[in-house]
Amino acid sequence: MSSKQFEEGIVAGRLDASALDANFSDLHPAYDEHEALVAADRCYFCHDAPCQTACPTSIDIPLFIRQIATGTPEAAAHTILEQNILGGMCARVCPTETLCEEVCVREVAEGKPVEIGRLQRFATDTLMAKAAQPFDRADATGKKVAVVGAGPAGLACAHRLAMHGHDVVIFEARSKSGGLNEFGIAAYKSTNDFAQAEVDWLLGIGGIEIRIGMALGDQITLDSLQSDFDAVFLGMGLGAVNALRLEGEDKAGVSPATDFISDLRQVSDLGSQPIGRDVVVIGGGMTAIDAGAQARLLGAQNVTIVYRRGQEAMAASEFEQDLAAQKGVRIIHNAAPIGIEGNGSLTGVRFAYTETKDGKLVTRDDGFTLPADQLFTAIGQSLTGAPEALTIEGGKIKVTEAGATSVAGVWAGGDCASGGDDLTVTAVAEGRDAAENIHATLMGDA
């Protein structure tokens with residue numbers, strides 16, 4: 001046990017290295033071959049499979065599981081990847097408990113679904129371990145496409161365009177490619193630098209160049225991209241973090257949960273990551289859950305997630321909420337922040353209870369105060385830096401079902417675009433489908 005475990009304030013090294021290694025080990029360990037065969041044998045291989053319908057990328061799930069069951073995991077990987085080129089990461093981070101596995105016939109009948117996510121990981125990991133690229137690049141078309149953002153939508157779009165023979169340049173504002181897969185998910189969901197390994201594998205198709213440190217509106221503009229390329233795809237995500245709009249949120253110890261998650265994903269030594277003894281997280285989505293759970297895993301003594309509405313309204317799944325609770329995180333519902341305490345540094349957060357009246361959320365006169373030396377805010381992100389020429393709807397770039405924007409020759413997808421569920425798997429589907437529409441347009445088939 002570290003001597004700093006009970007120390008006040010925000011400090012590093014609350015737990016020793018062995019405890020941290022155990023805490024941040026793989027959330028769902030990979031199947032070995034025998035385990036995969038046993039798990040695949042539970043599948044009924046439904047003809048009208050509800051799991052496939054529930055998958056945003058429409059992977060033929062019964063087929064790939066049958067391919068695993070017959071001893072051909074590489075063929076299973078091909079089935080997965082032709083629909084979802086980031087199938088390896090999605091197998092790790094996709095909320096299968098609310099998508100494919102939730103509607104699995106085994107889940108409905110027995111309360112225990114076929115573990116589709118882990119089977120998908122087994123197949124894709126098997127293929128990637130052989131450094132095999134299962135897709136061939138078509139003959140060069142002479143067309144060039146610019147992709148803004150090297151996140152799931154941008155990478156999926158780029159790969160599909162490269163398959164069709166187009167040359168693609170991805171412009172990425174951050175220091176690494178991968179987007180939310182690299183910077184935005186809990187460290188224990190994607191271990192061993194898998195996000196970067198998957199990007200490197202994806203680039204094996206050829207025809208894709210990534211330029212780091214190139215942000216739309218700074219180093220590049222939409223006008224310049226339209227001038228230099230035959231088509232443009234925007235997949236830059238959401239850059240701005242929503243503020244609490246409370247006096248004192250600039251105090252030391254208050255920061256966006258996204259920054260905490262990103263920093264933790266990039267640190268090489270978990271013991272060097274500082275964390276408070278009493279941590280409060282405000283929000284009800286996956287970002288809040290990931291921040292709260294990881295704060296506990298780093299050694300915070302008291303971690304509380306506070307959400308302004310009831311449990312049923314939380315964007316985070318029940319599985320993720322339960323996971324956080326199992327790690328010692330307390331979740332309080334129906335409470336909203338009304339004040340931040342402390343002279344210079346944070347000492348506590350004041351909350352008022354909430355209730356719904358006439359369909360509106362209102363704060364009550366009673367409430368409580370939580371002691372805190374660290375506060376993470378996770379109340380959503382918003383679009384920033386969108387070119388003025390684009391039509392914005394609901395705070396996002398308005399797109400058609402095929403991803404076309406209001407500007408000819410410009411498409412968009414992922415979190416920055418209207419529609420979707422703000423999930424990696426949805427972003428992949430949107431990037432893939434936009435690429436198909438871009439290809440058809442460039443080749444005169446649209």
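Our structure's up above, just so we're on the same page.
What you see is a predicted model, and the numbers here were worked out from it, not measured in a lab.

*Asks:* What should I look at first to understand the overall build of the protein chain in this one?
*Replies:* Per the secondary structure count, the protein chain includes 16 helices and 19 strands. Compactness check: the protein chain gives a C-alpha radius of gyration of 23 Å against a globular reference of 22 Å for 446 residues, within 12% of the reference. Buried residues in the protein chain amount to 51% of all 446 residues. For the protein chain, the share of sequence-separated contacts (at least 6 apart) that also reach a separation of at least 24 residues comes to 70%.

*Asks:* Which parts of the structure should I look at to understand the packing of helix 13 (residues 257–266) against helix 14 (residues 286–297)?
*Replies:* Angle between the axes and distance between the axes are the two parameters that describe a pair of packed helices. Two elements in contact, helix 13 and helix 14, have axes whose closest approach is 9 Å; the angle formed by their N-to-C orientations is 55°. Compared by their axis directions, helix 13 and helix 14 come out oblique. You can see that helix 13 and helix 14 cross each other, and the crossing is left-handed. Between helix 13 and helix 14, the contacting residues are A257, T258, F260, I261 and L264 on the first element and T287, D290, A291, Q294 and A295 on the second.

*Asks:* Just checking my understanding: could you explain the packing of helix 4 (residues 61–69) against helix 5 (residues 73–81) for this structure?
*Replies:* Contact geometry of helix 4 with helix 5 gives a least axis separation of 7 Å together with a crossing angle of 165°. When the axis of helix 4 is compared with that of helix 5, the two are roughly antiparallel. The handedness of the crossing between helix 4 and helix 5 is left-handed. Facing helix 4, whose interface residues are L63, F64, Q67 and I68, helix 5 presents P73, A75, A76, T79 and I80. Residue composition of the contact of helix 4 with helix 5, grouped by class: 7 nonpolar, 2 polar and no charged.

*Asks:* Looking at this structure, I do not really get the pattern of salt bridges. What am I missing?
*Replies:* Opposite charge on two side chains permits them to pair, given that their charged atoms come into close proximity. Going through the model one piece at a time under the given rule, you end up with 20 salt bridges. Residue E110 pairs with R42 through a salt bridge whose shortest N-O separation is 3.2 Å. Placement of E110 in helix 7 (residues 105–110) and of R42 in the loop between helix 2 (33–40) and helix 3 (50–54) is noted, with a sequence separation of 68 residues between them. Assessed through its relative accessible area of 43%, E110 is described here as partly exposed. By relative accessible area, which is 19% here, R42 ends up buried. Its salt-bridge partner being K189, residue D290 comes within 3.0 Å of it at the nearest N-O pair. Of this pair, D290 sits in helix 14 while K189 sits in the loop between helix 10 (180–183) and helix 11 (194–202), placing them 101 residues apart in sequence. With respect to class, D290 is no different from K189; both count as buried. Salt bridges linked by common partners bring D26, R92, R121 and D125 together as one network.

*Asks:* Explain the packing of aromatic side chains here, please?
*Replies:* Given two aromatic rings, one states the distance between the centres and the angle between the planes to describe the pair. Scanning the model with the defined rule gives 4 aromatic pairs in all. Where F171 meets F229, the ring centres are 6.0 Å apart and the plane angle is 90°; that geometry is what we call edge-to-face. Highlighted residues: F171 in strand 3 (residues 167–172) and F229 in the loop between helix 12 (222–228) and strand 5 (231–234), separated in sequence by 58 residues. Exposure remark for F171: the relative accessible area of 3% places this residue in the buried category. Note on F260 and F376: the rings are 4.4 Å apart at their centroids and 15° apart in plane angle, and the pair reads as stacked. Here the residue F260 occupies a position in helix 13, and F376 occupies one in strand 15 (residues 374–377), the gap between them amounting to 116 residues.

*Asks:* Whenever I open this one, the sheet that holds strand 13 (residues 348–357) confuses me. Can you help?
*Replies:* Hydrogen bonding along the main chain pairs the strands of a sheet, whether they run parallel or antiparallel. Reading across the sheet, the 3 strands line up as 12-13-14 and stay open at both edges, with antiparallel pairing between neighbours. Strand pairing shows two members of the sheet lacking a second neighbour, strand 12 (335–341) and strand 14 (360–371), which therefore form its edges. Sheet twist, expressed as the mean angle between neighbouring strand axes with direction ignored, is 25°. As paired strands, strand 13 and strand 14 are joined by 9 bridges and run antiparallel to one another. Along strand 14, the bridge assignment pairs K357 with K360.

About the criteria used
Residues numbered from 1 in each chain as written. Predicted model: local features only at pLDDT ≥ 70, side-chain atom pairs only at ≥ 80, totals over all residues. Heavy atoms only, no water. Helix = DSSP H or I, 4+ residues; strand = E, 2+ residues; numbered from the N terminus. Rg over C-alpha atoms; globule rule 2.2 N^0.38 Å. Buried < 20%, exposed > 50% of the residue type's maximum accessible area, 1.4 Å probe, protein only. Contact = heavy atoms within 4.5 Å. Axes fitted to C-alpha atoms, helices over the stretch in contact; angles between N-to-C directions. Parallel < 35°, antiparallel > 145°, perpendicular 65-115°, else oblique. Left-handed = near helix turned anticlockwise from the far one by under 90°. Nonpolar A, V, L, I, M, F, W, Y, C, P; charged D, E, K, R; others polar. Salt bridge = Lys/Arg side-chain N within 4 Å of Asp/Glu carboxyl O. Phe/Tyr/Trp six-rings, centres within 6.5 Å; stacked < 30°, edge-to-face > 60°. Pairing = 2+ DSSP bridges.

The quantities given are spatial measurements derived from coordinates; they are silent on function.
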